[in-house]
Amino acid sequence: MEIGMVLVGGELYVRAYRGAQSGWYQASREHGRGRIRVGDIARDVLLQALDENGPHDAIDSAYQAKYPSVGGLVTSSVARSATIRIIPAQPSRRH
């Protein structure tokens, strides 16, 4: 299970609060692609696991600001280890 998405430095991130063993995180790592929907708009995306050198402190701050009542769930070391960057997928070209 993930808890919302946050925007940090123009990049979109999501975390699995149960950590790297969660089914959602494992599926994102296995497939590397997904689809997000906001209202009537849906977009294909690439899902990239973030390593320990990522902007984790900034992501923590963004979660705490956006979701003050549950921010602690996604700022733990377990959740930090399951951080995914969501990248817009390039439309496929058809010839």
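In this report, we go over the structure that sits alongside the text. For clarity, every value in this text was computed on a predicted model and none was experimentally measured.

## Here we look at the pattern of salt bridges
When the charged atoms of two side chains with opposite charge come close together, those side chains can pair.
Inference 1: As enumerated under the stated definition, the model contains five salt bridges in all.
Inference 2: Here R15 ties to D60 by a salt bridge, and the two come within 2.5 Å at their closest N and O atoms. Of the two residues, R15 sits in strand 2 (residues 11–16) while D60 sits in helix 2 (residues 56–66), which places them 45 residues apart along the sequence. The same class applies to R15 and to D60, which are both buried.
Inference 3: Between D44 and R35 there is a salt bridge, and its shortest N-O distance comes to 2.6 Å.
Inference 4: Overlapping salt bridges bring together R15, D57, D60 and R80 as one network.

## Thoughts on the nonpolar core
Inference 1: Within the largest apolar cluster, 17 residues are counted, with the highest numbers of intra-cluster contacts made by V6, V8, Y13, I59, Y63, I84 and I86.
Inference 2: Elements that contribute at least two residues to this core include exactly strand 1 (2–8), strand 2, strand 4 (41–49), helix 2 and strand 5 (83–88).
Inference 3: With residues near it in sequence (within four places) discarded, Y13 still touches G4, M5, V6, V8, L50, P55, I59, Y63, T83, I84 and R85.

## What about the packing of aromatic side chains?
Inference 1: Considering all chains together, one arrives at one aromatic pair under this definition.
Inference 2: With a centroid separation of 6.0 Å and 35° between ring planes, the pair formed by Y63 and Y67 is classed as tilted.
Inference 3: Taking the relative accessible area as the measure of exposure, Y63 reaches 0% and is therefore buried.
Inference 4: On the basis of relative accessibility, which here comes to 21%, the residue Y67 falls in the partly exposed class.

Reading the values: the criteria
- Residues numbered from 1 in each chain as written.
- Predicted model: local features only at pLDDT ≥ 70, side-chain atom pairs only at ≥ 80, totals over all residues.
- Heavy atoms only, no water.
- Salt bridge = Lys/Arg side-chain N within 4 Å of Asp/Glu carboxyl O.
- Helix = DSSP H or I, 4+ residues; strand = E, 2+ residues; numbered from the N terminus.
- Buried < 20%, exposed > 50% of the residue type's maximum accessible area, 1.4 Å probe, protein only.
- Core = buried A, V, L, I, M, F, W, Y, C linked by side-chain atoms within 4.5 Å.
- Contact = heavy atoms within 4.5 Å.
- Phe/Tyr/Trp six-rings, centres within 6.5 Å; stacked < 30°, edge-to-face > 60°.

So yeah, pure geometry; function would need other evidence.
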